[in-house]
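Each chain is listed here by its residues.
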Amino acid sequence: MNEQTIAPHWLAIIAPKAAPALATSTVLILARIWNANGAEHSIGNAVLMTALSLAAAAAGVCASIGRAGDSVIAGTAFAASGGLALAGVAGYADGLSLPLLLWVLATAIAYGLAARYWRTDRRERIAHDRHTSARREEHAHIERVEALRAGAQIEVARTGAAYAEQLAQALITRAALPGFDFKALEAAGLPELPSTSTSKEQ
């Protein structure tokens, strides 16, 4: 039996594609709000963001070259480092040209990194769909073969029952004819009919 397939909502399809741009845009907007609230030309804030960005980058390096080599933690740490660097520059700078340039670069890098994972995910999804389709075809073929076998067995049983009924009817009709001799049937090698023979002897 084929499983029901449910088409995903269009928002579920678009959301992963828009996530990098939304993330970098959110960082830029919050950094400019922070800039308007006193972060512009603030040495302390710039040092803080630089230290946080370097710490996140160091965490990404440690996660990537560590014993486990967890790519998810490393990617998250590097993304946090880039976001903090973008927020620090956008919050410290007095104009929009440099923050916008960094925003474009960060968005392009984010899409470049995400494209690799999207390609891998698409390959895995296509392989899974092919495997599922092959299994469905195999199961459908097995079901058809079993249905044909069951139909053939039913037809054989029905034919045998009809033949037995016709044979019984013929024997009953033959036994009702005058001059029917069971001993002659036995001498000819035909099987004895005990019930009929018993009834005639009585």
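Please read these numbers as outputs of a predicted model, since none were measured by experiment.

Engineer: So, the overall build of the protein chain: which residues are in play, and what are the values?
Structural biologist: Looking only at helices and strands, one finds six helices and zero strands in the protein chain. Taken from the N to the C terminus, the helices and strands of the protein chain come in the order α-α-α-α-α-α. A buried classification covers 15% of the 202 residues belonging to the protein chain. Counting contacts in the protein chain only where the partners sit at least 6 residues apart, residues at least 24 apart contribute 63% of the total. For the protein chain, the accessible surface area stands at approximately 14,900 Å², while carbon and sulfur atoms represent 66% of it.

Engineer: Any details on the nonpolar core? Residues and values, ideally.
Structural biologist: Counting residues in each nonpolar core, the largest one holds five residues, listed as Leu 28, Ala 31, Met 49, Ala 87 and Ala 90. Where this core is concerned, the elements lending two or more residues are helix H1 (10–39) and helix H3 (71–92). Contacts of Ala 87, omitting those with residues within four sequence positions, involve Val 27, Ala 31, Trp 34 and Met 49.

Engineer: So what's going on with the confidence of the model for the protein chain? Which residues, and what values?
Structural biologist: In this model, the protein chain carries an average pLDDT of 78, and 81% of its residues clear a pLDDT of 70 or more. Per-residue pLDDT, averaged within each element of the protein chain, yields its smallest value for helix H6 (residues 194–201) (48) and its largest for helix H4 (residues 97–176) (87). Here residues 196–202 is modelled with pLDDT under 50, and outside its nearest four sequence neighbours on either side it reaches eight contacts, counting other chains as well.

Engineer: I'd love a proper account of helix H2 (residues 43–65), names of residues and values included.
Structural biologist: For H2, with 23 residues, the first-to-last C-alpha span of 33 Å sits near the 33 Å given by 1.5 Å per residue. Burial in H2 covers these residues: Met 49, Ser 53, Ala 56, Gly 60 and Ala 63.

Engineer: I'd love a proper account of the environment of Ala 55, names of residues and values included.
Structural biologist: Turning to its location among the elements, Ala 55 is positioned in helix H2. Ala 55 sits in the partly exposed class, given a relative accessible area of 44%. Placed 26 residues apart in sequence, Ala 55 and Ser 81 show a C-alpha to C-alpha distance of 7.6 Å.

The rules behind the values
- Residues numbered from 1 in each chain as written.
- Predicted model: local features only at pLDDT ≥ 70, side-chain atom pairs only at ≥ 80, totals over all residues.
- Heavy atoms only, no water.
- Helix = DSSP H or I, 4+ residues; strand = E, 2+ residues; numbered from the N terminus.
- Buried < 20%, exposed > 50% of the residue type's maximum accessible area, 1.4 Å probe, protein only.
- Contact = heavy atoms within 4.5 Å.
- Areas by Shrake-Rupley, 256 points an atom, 1.4 Å probe, with all protein chains shown as cover.
- Core = buried A, V, L, I, M, F, W, Y, C linked by side-chain atoms within 4.5 Å.
- pLDDT = per-residue confidence, 0-100.
- Expected span 1.5 Å × (residues − 1).

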